Amino acid sequence: QVQLVESGGGLVQAGGSLRLSCAASGRSLSTTTMGWFRQAPGKERELVAVITWRGIIMYYVDSVKGRFIISRDNAKNTVYLQMNSLKPEDTAVYYCAAAPAGYSGSNPNDYDYWGRGTQVTVSS
């Protein structure tokens with residue numbers, strides 16, 4: 001089983017940057033599709049970005065295109081979300097999740113492993 005732990009969240013001023021990390025136990029992450037989701041209070045969980053196990057970026061939600069970058073380092077069992085030009089509407093709990101290799105959909109039920117989330121708060 002894969003264990004995922006997010007880190008890097010915090011409080012940042014609008015226009016600032018954060019880099020989220022998702023560290024996985026074991027080596028199985030190298031054969032998984034990874035997604036970043038976010039959920040704001042009272043809102044449905046939203047898919048933010050998807051990257052294949054080979055590092056091909058499959059998806060960004062329109063609201064983050066040009067500002068966020070998803071990447072992964074399989075040797076470190078880590079997935080990243082670089083967030084630039086942050087806006088107050090980016091405020092949410094951010095989750096990383098793993099799906100079988102080859103999957104790139106948006107259905108949270110198809111992602112088998114989840115981290116506990118990290119809070120991102122953008123002020124002003």
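The paragraphs below set out a description of the structure included in this document. (Residues numbered from 1 in each chain as written. Predicted model: local features only at pLDDT ≥ 70, side-chain atom pairs only at ≥ 80, totals over all residues. Heavy atoms only, no water.)

1. Some remarks on the side chain of Thr52
- Summarising the element assignment, Thr52 is placed in the loop between β5 (46–51) and β6 (57–60).
- If near-sequence neighbours (up to four positions away) are discounted, Thr52 is found in contact with Thr32, Thr33, Met58 and Arg72. (Helix = DSSP H or I, 4+ residues; strand = E, 2+ residues; numbered from the N terminus. Contact = heavy atoms within 4.5 Å.)

2. Things to note about the state of the cysteines
- In this structure the tally under the stated criterion is one disulfide.
- For Cys22, the disulfide goes to Cys96, at an S-S distance of 1.9 Å. Here the S-S torsion is close to 60°, and the disulfide linking Cys22 with Cys96 is therefore right-handed. Here Cys22 is found in strand β3 (residues 18–24), whereas its partner Cys96 is found in strand β9 (residues 92–100), with 74 residues between them in sequence. (Disulfide = S-S within 2.5 Å.)

3. Describing the packing of aromatic side chains
- Tallying each qualifying case throughout the model produces five aromatic pairs.
- Ring centres of Phe37 and Tyr111 lie 5.1 Å apart, and the angle between their planes is 85°; on these two criteria the pair is classed as edge-to-face. Of this pair, Phe37 sits in strand β4 (residues 32–39) while Tyr111 sits in the loop between β9 and β10 (113–114), placing them 74 residues apart in sequence. Of the two residues, Phe37 and Tyr111, neither departs from the other in class, the shared state being buried.
- One aromatic cluster is present, built from ring pairs that chain together Phe37, Tyr95, Tyr103, Tyr111 and Trp114.
- Taking NZ or CZ as reference, Arg45 lies 4.0 Å from the ring centre of Tyr95, over its face.
- Positioned above the aromatic ring of Trp114, the side-chain terminus of Arg45 is 4.9 Å from the ring centre. (Phe/Tyr/Trp six-rings, centres within 6.5 Å; stacked < 30°, edge-to-face > 60°. Buried < 20%, exposed > 50% of the residue type's maximum accessible area, 1.4 Å probe, protein only. Lys NZ or Arg CZ within 6 Å of the ring centre and 35° of its normal.)

4. What to know about the side chain of Arg67
- Within the fold, Arg67 resides in the loop between β6 and β7 (68–73).
- Leave out the neighbours within four places in its chain, and Arg67 touches Gln82, Met83, Asn84, Ser85, Leu86, Lys87 and Asp90.

5. Considering the sheet that holds β7
- The strand order across the open sheet built from four strands is β1-β3-β8-β7, with neighbouring strands paired in antiparallel fashion. The open sheet terminates on both sides in strands that have one partner only, identified here as β1 (4–7) and β7. Strand-to-strand twist across the sheet, computed as the mean angle between neighbouring axes with direction ignored, equals 15°.
- Of the pairings in the sheet, the one linking β7 to strand β8 (residues 78–83) comprises six bridges and is antiparallel in character. Pairing of Ile70 across the sheet is with Leu81, part of β8. (Pairing = 2+ DSSP bridges. Axes fitted to C-alpha atoms, helices over the stretch in contact; angles between N-to-C directions.)

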